[in-house]
Amino acid sequence: MTEPQRTPDELAQACADAMFSRDQASQSLGIGLQDIAAGKARLGMTVRADMIQGHGTCHGGFLFALADSAFAFACNSYDEATVASGCSIDYVAPARLGDQLTATAIELTRKGRTGLYDVRIENQHGELIALFHGKSYKVRGTVLTQETQDD
């Protein structure tokens, strides 16, 4: 008997669950999945004391990691193993100790083996903290059946 066909959002949720269970980096940073849909993801993170740099604000690397994780969940939501081929970030405002950050990734286009995604990071007041742009590249394999070889 075959498994019933999943909706795109059910597939995205299954992919997110599988990826998150293996994503030690996001877990160690306290990043949590808040919402997932086909081509979209929303993740959250609280700025901890060990994330504060010498100017008293959140180190940009942690902001990049949050945005990159949201990007990864969005572009892997179709059960096609996908990696980043390029990313950039613009820091707009500082994130401070205790801030509740939300990164929302939105797919702009996906054709062939590549896709483009934008990620907005906002704090608990809805203030824009950073804008991230990522380009994805589809490799061999699926998310639900993880490949052990490189493409």
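Given the structure is predicted, the values throughout are model-derived calculations rather than measurements.

**With respect to the UniProt feature "domain: Thioesterase" (unreviewed entry) in the protein chain**
Thought 1: When the UniProt feature table is mapped onto this chain, "domain: Thioesterase" (unreviewed entry) is found at residues 55–129.
Thought 2: Note that residues 55–129 is 21% helix and 44% strand, and that its end C-alpha atoms are spaced 16 Å apart.

**Structural notes on the pattern of salt bridges**
Thought 1: Inspection of every chain in the model, using the stated rule, returns five salt bridges.
Thought 2: We note a salt bridge from Arg42 to Asp35, for which the minimum N-O separation is 4.0 Å.
Thought 3: By relative accessible area, Arg42 is classed as partly exposed at 32%.
Thought 4: The class for Asp35 is partly exposed, based on a relative accessible area of 38%.
Thought 5: Asp50 is the partner of Arg48 in a salt bridge, and the nearest nitrogen-oxygen pair spans 3.0 Å.
Thought 6: Taken together, the shared-partner salt bridges in this structure form one network comprising Glu80, Arg110 and Lys138.

**Some words on the nonpolar core**
Thought 1: Judged by nonpolar contacts, the single largest core of 33 residues is most densely connected at Leu66, Leu101, Val119 and Ile121.
Thought 2: Those elements giving two or more residues to this core turn out to be α1 (8–22), β2 (40–46), α3 (60–75), β4 (100–111), β5 (114–122) and β6 (128–138).
Thought 3: Counting residues per element, this core draws most heavily on α3, which supplies eight residues.
Thought 4: Here Ile121 is in contact with Leu63, Leu66, Ala67, Leu101, Thr102, Ala103, Glu127, Leu128, Ile129 and Ala130, once residues within four sequence places are set aside.

**Quick word on the sheet that holds β5**
Thought 1: Judged by pairing direction, the sheet is antiparallel, and its six strands sit side by side in the order β1-β2-β4-β5-β6-β3 without closing on themselves. Looking at which strands have only one partner, the edges of the open sheet turn out to be β1 (32–37) and β3 (82–91). Sheet twist, expressed as the average angle between the axes of neighbouring strands with direction ignored, equals 20°.
Thought 2: Examined bridge by bridge, β1 and β2 share five bridges and lie antiparallel to one another. Directly across from Ala37, in β2, lies its bridge partner Lys40.

The rules we used
- Residues numbered from 1 in each chain as written.
- Predicted model: local features only at pLDDT ≥ 70, side-chain atom pairs only at ≥ 80, totals over all residues.
- Heavy atoms only, no water.
- UniProt positions renumbered as here; feature names shortened; annotations may be inferred.
- Helix = DSSP H or I, 4+ residues; strand = E, 2+ residues; numbered from the N terminus.
- Salt bridge = Lys/Arg side-chain N within 4 Å of Asp/Glu carboxyl O.
- Buried < 20%, exposed > 50% of the residue type's maximum accessible area, 1.4 Å probe, protein only.
- Core = buried A, V, L, I, M, F, W, Y, C linked by side-chain atoms within 4.5 Å.
- Contact = heavy atoms within 4.5 Å.
- Pairing = 2+ DSSP bridges.
- Axes fitted to C-alpha atoms, helices over the stretch in contact; angles between N-to-C directions.

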